[in-house]
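# Coordinates in review
The primary structure of each chain is shown beneath.
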Amino acid sequence: MRITHWISGKPWTGTAERSGEVFDPATGAVSGRVDFAGQSEVDEAVAAAAAAFPGWRDASLAARSAVLFEFRALLRRRGDDLAAIVSAEHGKVADDARGEVARALEAVEFACGIPHLLKGGFSENASRGVDVHSIRQPLGVVAVVSPFNFPAMVPLWFVPAAVACGNAVVLKPSEKDPSAANFLAGLWAEAGLPDGVLNVLHGDKAAVDGLLTHPDVRAVSFVGSTPVARHVYETGTRAGKRVQALGGAKNHMVVLPDADLDLAADAAVSAGFGSAGERCMAISVVVAVGGIADDLVGRIATRVDALRMGEDMGPLVTAAHRDRVASYVDAGVAEGAELVVDGRRRAVDGSGFWLGPTLFDRVRPDMSVYTDEIFGPVLSVVRVPSYPAAVDLVNANPYGNGTAVFTADGGAARRFQNEIEVGMVGVNVPIPVPVGYYSFGGWKDSLFGDTHAYGPDGVHFFTRTKVVTTRWPDPSHGGVDLGFPRTV
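Residues numbered from 1 in each chain as written. Predicted model: local features only at pLDDT ≥ 70, side-chain atom pairs only at ≥ 80, totals over all residues. Heavy atoms only, no water.

## Observations regarding the overall build of the protein
The condition that has to hold: Only runs of H or I of at least four residues qualify as helices and only runs of E of at least two qualify as strands under DSSP, and these elements are numbered from the N terminus. With C-alpha atoms as the basis for the radius of gyration, the globule rule is written as 2.2 Å multiplied by the number of residues raised to the power 0.38. Buried residues are those whose accessible area, probed at 1.4 Å on protein chains only, stays under 20% of the maximum for their type, while exposed residues exceed 50% and partly exposed ones sit between those limits. Two residues qualify as a contact provided that any one of their heavy atoms is within 4.5 Å of a heavy atom in the partner residue. We get accessible surface area from the Shrake-Rupley algorithm with a probe of 1.4 Å; when it comes to residues, only the shown protein chains can shield them. We count Lys and Arg on the positive side and Asp and Glu on the negative side, and we leave His and both chain ends out. Just so you know, the charge point we use is NZ for Lys, CZ for Arg, CG for Asp and CD for Glu.
Helix and strand counts for the protein stand at 16 helices and 23 strands. Whereas a compact globule of 488 residues would reach a radius of gyration of roughly 23 Å, the protein reaches 24 Å, a difference of no more than 12%. A principal-axis box enclosing the C-alpha atoms of the protein has dimensions of 85 × 60 × 40 Å. Within the protein, buried positions represent 55% of all 488 residues. Once local pairs closer than 6 in sequence are excluded, the contacts in the protein between residues at least 24 apart make up 73%. Roughly 20100 Å² of accessible area belongs to the protein as shown, and the carbon and sulfur atoms make up 52% of that amount. The centroid of the 44 positive side-chain charges in the protein is displaced by 5 Å from the centroid of its 56 negative side-chain charges.

As C-alpha cells, then:
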C-alpha cells in the first residue's frame with residue numbers, strides 16, 4: 001500500500017524520490033510504503049496553503065464553526081475506523097486507540113466554540129470621542145509536526161484550533177504511522193474545509209527542516225523528543241517563526257506514607273505501561289517515601305505479572321525502538337538496579353516488536369534508567385526518606401512535564417502542587433493531561449517556547465492581537481433595511 005501526501009484537497013500524484021517502510025508492529029510485517037517529501041513537495045504544500053489562506057481567513061466565524069461542527073460529527077461516527085488505523089500502525093491495543101480518539105475529540109469540541117474564543121475587547125471613550133478595541137487575527141500558513149505515539153490525538157491538539165482561527169495548515173506526521181493523518185485530512189474535506197486549508201506532508205528530517213526554514217510558514221507546533229524539540233525551536237525562531245516545541249519527559253509519581261497503596265499500585269501500573277509506555281505523560285518513576293517501598297513494590301509487581309500481552313499492552317512501534325528500550329533493561333541490571341520483573345522474558349507468538357513490562361527497584365538518580373527518557377514499558381522505583389527529599393528529587397530533574405502525588409493528606413497535596421516545578425500536576429491522578437478547555441504543556445526541558453498546546457493557549461498561539469483606535473465624525477443615516485441581520 002502506498003501512503004502519499006495530501007495537497008490541495010486530494011492525494012498527491014507525483015513520484016517520490018525517497019520513501020520508507022510502514023510496519024504492523026504486532027507481526028513485524030511491512031504494511032505499506034510512505035512517500036518522503038523533498039523541498040519541492042514542501043514548496044508545493046506551502047504554496048497550496050498560502051493560496052487557500054486569504055479565502056479561509058475572510059470566511060465568517062459562522063462558516064468556520066459550521067465546518068468544525070461537521071468535522072466533529074464525522075469524527076464521532078468514524079472514530080472506530082480511525083482507532084483501527086492507529087492500532088494497525090502504532091500497535092496500541094484497541095481500547096487504548098479508542099481512548100486516544102475520545103481525548104482528541106475534546107480539542108475539536110473546544111475549537112467549535114471559536115466565535116466566542118476570538119472575541120476581543122472594547123473600550124468606549126478611551127479619550128473624548130475616541131474608542132479602542134482589540135481583535136485577534138490568524139497568522140497565515142502554519143506547520144504542525146506530530147509524533148508517532150499519538151498519530152490521531154496530537155494532530156487534533158493543533159489543527160482544529162489553527163483552522164478555526166483562520167489559518168492554513170501543513171501537517172507533517174510521523175513517518176512511522178502516517179495513515180491516521182491522511183484519514184483525518186479526508187474527514188476535514190468531507191466536512192467542507194476548502195481545498196488547501198489543510199495539507200499533509202510525509203517524510204523525515206528533510207521535510208521538517210524544509211518547513212522550519214520556509215519563508216511563507218509563520219509558525220510551527222511540534223511534539224517529540226527534547227533534542228529534536230530544541231532543534232525545532234532554535235531553527236524555527238532563527239528563521240523568524242513563532243514556535244511551540246513540546247519535548248520529552250521523566251514523569252515522577254510520589255507516593256507518601258499515608259497513601260492508599262492499592263490505589264497507588266493500580267495507578268503506577270496503568271500509567272507506566274499503558275500504550276507500552278510510549279506516552280510523554282507516562283509515569284516512569286515511582287518515588288516511594290518513607291517505609292512503604294517494600295509493600296508498594298510488591299503490590300506493583302503482582303499487577304505487572306498479571307498484564308496480558310496483546311490484550312492489556314501492545315508492541316512497541318518499531319524493531320529499532322524495541323531494541324533500544326531493551327538495552328535500557330540491560331543497562332539497569334549492569335548499573336546495579338534490582339530487577340523485580342523482567343519484560344525481556346515475556347514472549348509473544350509471532351515476530352512483532354514485543355517487549356514485556358519491566359519493573360526496577362532501588363534505582364539511583366545516576367543510573368541511565370532514571371536519567372534518560374526511555375519511552376517504553378520500564379518503570380523504576382526510587383526510595384527516598386522524606387517528603388522534602390521527594391520534592392528535591394523531582395525538582396532537580398531537567399524535565400518538567402507531568403508529575404503526581406498520592407496521599408490522603410490535603411495539606412501535603414496542596415504543598416506539593418505549590419512547591420513542585422512541573423507544568424502539569426496530578427493529585428491522586430497519575431496522568432494529569434488537562435481537559436480540552438485547559439492547555440497542555442510542561443516546564444524546563446519539556447517545553448521550548450512560552451505557549452502551551454490546545455485550549456486557550458492554542459487560540460493565542462495561532463492568532464496575533466491587533467489594537468484599533470478610532471475617532472468618527474457625527475454618524476450618518478444608513479437608510480431603511482427591514483431584512484433580518486445576517487451573520488454569514
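What follows continues from the structure just given.
## Thoughts on the nonpolar core
Selection criterion: Nine residue types can take part in a nonpolar core, namely buried Ala, Val, Leu, Ile, Met, Phe, Trp, Tyr and Cys, and a core is a set of them joined through side-chain atoms within 4.5 Å.
Counting 68 residues, the largest nonpolar core has Phe71, Leu75, Trp157, Trp188 and Phe440 as its most contacted members. Looking at which element gives the most residues to this core, the answer is helix 6 (residues 153–164), with 10 residues. Dropping the residues within four chain positions of it, Phe440 is found in contact with Trp157, Leu246, Cys280, Met281, Asn401, Met424, Val433, Pro434, His452, Ala453 and Tyr454. Formed by 63 residues, the second largest nonpolar core is a distinct cluster that contains Phe273, Val363, Val381 and Leu393.

## Describing the environment of Thr4
For Thr4, the position within the fold is in the loop between strand 1 (2–3) and strand 2 (6–7). Expressed as a C-alpha distance, the spacing of Thr4 and Tyr454, which sit 450 residues apart in the sequence, is 27 Å.

## A look at the packing of helix 8 (residues 205–213) against helix 9 (residues 226–238)
Worth spelling out the cut-off: Under this scheme, a helix contributes an axis fitted over its contacting stretch, all axes are lines through C-alpha atoms, and angles between N-to-C directions fall in the 0 to 180 degree range. If you view the pair so one helix is near and one far, a crossing is left-handed when the near helix is turned anticlockwise from the far one by less than a right angle, and right-handed when it is turned clockwise. In this count, Pro and Cys sit with the nonpolar residues alongside Ala, Val, Leu, Ile, Met, Phe, Trp and Tyr, while Asp, Glu, Lys and Arg are called charged and the others, Gly among them, polar.
Here helix 8 crosses helix 9 at 35°, and the two axes come no closer than 8 Å. Taken as a pair, helix 8 and helix 9 cross one another with a handedness that is right-handed. In contact with Lys205, Val208, Asp209, Leu212 and Thr213 of helix 8, helix 9 contributes His231, Val232, Thr235 and Gly236. Its residues assigned to classes, the contact of helix 8 with helix 9 comprises three nonpolar, four polar and two charged.

## Examining the sheet that holds strand 7 (residues 130–138)
Just so we agree on the cut-off: Note on pairing: DSSP must find at least two bridges between two strands before they are called paired.
Reading across the sheet, the three strands line up as 6-7-23 and stay open at both edges, with antiparallel pairing between neighbours. Whereas interior strands pair on both sides, the edge strands pair on one side only; in this sheet they are strand 6 (122–127) and strand 23 (463–471). The mean angle between the axes of side-by-side strands here comes to 30°, regardless of whether they run parallel or antiparallel.

## What about helix 2 (residues 61–77)?
Using the following cut-off: In a helix, the anticipated span is given by 1.5 Å times the number of residues less one.
For helix 2, with 17 residues, the first-to-last C-alpha span of 24 Å sits near the 24 Å given by 1.5 Å per residue. Those residues of helix 2 that fall on the buried side of the exposure criterion are Arg64, Ser65, Val67, Leu68, Phe71, Leu74 and Leu75. Packing partners of the buried residues in helix 2 comprise helix 1 (39–57), helix 3 (79–90), helix 4 (94–111), helix 5 (114–117), helix 6 and helix 7 (179–191).

## Examining the side chain of His252
We apply this condition: Polar contacts, as counted here, are pairs of nitrogen or oxygen atoms within 3.5 Å of one another; within protein the pair requires one atom able to donate a hydrogen and one able to accept it, and residues that are adjacent in sequence qualify only if both atoms are side-chain atoms.
Here His252 shows up in strand 13 (residues 251–255). Judged by its relative accessible area of 2%, His252 is buried. A polar side-chain atom of His252 sits 3.0 Å from the main-chain carbonyl oxygen of Lys250. Here the side chain of His252 touches Tyr370 through a polar contact of 2.7 Å, side chain to side chain. Among residues more than four places away in sequence, those in contact with His252 are Ile283, Val285, Val287, Tyr370, Leu393, Val394, Asn397, Gly402, Thr403 and Ala404.

## Digging into the pairing of strand 17 (residues 378–384)
Among the seven residues of strand 17, six are classified as buried, and the element is accordingly described as predominantly covered. Here five bridges tie strand 14 (residues 283–289) to strand 17, and the two strands are oriented parallel to one another. The residue bridging Val287 from the neighbouring strand is Val382, located in strand 17.

## Side note on the pattern of salt bridges
Note the following rule: Salt bridges are counted wherever a side-chain nitrogen of Lys or Arg sits within 4 Å of a carboxyl oxygen of Asp or Glu.
A complete count under the given rule lists 30 salt bridges for this structure. Measuring nitrogen to oxygen at the nearest pair gives 2.7 Å for the salt bridge that ties Arg2 to Asp35. Of the two residues, Arg2 sits in strand 1 while Asp35 sits in strand 5 (residues 30–36), which places them 33 residues apart along the sequence. One salt bridge in this structure joins Lys205 and Asp209, with 2.5 Å as the shortest N-O distance. Taken as a pair, Lys205 and Asp209 lie in helix 8 at a separation of four residues, close to a single helical turn.

## A few points about the sheet that holds strand 5
Hydrogen bonds between backbone atoms are what pair the strands of a sheet, whose relative direction is either parallel or antiparallel. Pairing is mixed across the open sheet formed by three strands, whose spatial order is 1-5-4. For this open sheet the edge positions go to strand 1 and strand 4 (18–23), each flanked by a neighbour on one side alone.

## Topic: helix 15 (residues 410–419)
Two residues of an α-helix separated by three or four positions point the same way, owing to the 3.6 residues in each turn. The condition is simple: Of all possible arcs, the one meant is that of the directions from the helix axis to the C-beta atoms.
Burial in helix 15 covers these residues: Ala412, Ala413 and Phe416. For helix 15, the angular spread of the buried residues around the axis is 100°, confining them to a single face. Pointing more than 90 degrees away from the buried face of helix 15 are the exposed residues Gly410, Arg414 and Asn418. Looking at the buried positions of helix 15, the neighbouring elements they touch are strand 13, helix 14 (387–396), strand 19 (402–406) and strand 20 (424–427).

## Quick look at the state of the cysteines
Disulfide: a covalent bond formed between the sulfur atoms of two cysteine residues. Our working rule: The disulfide criterion is simple: two cysteine sulfur atoms within 2.5 Å.
Going through the model one piece at a time under the given rule, you end up with zero disulfides. This cysteine, Cys112, is not joined by any disulfide, and Cys165 carries the nearest cysteine sulfur, 13 Å off. Note on Cys112: relative accessible area 6%, which makes it buried.

In short, shape yes, function no, at least from these values alone.
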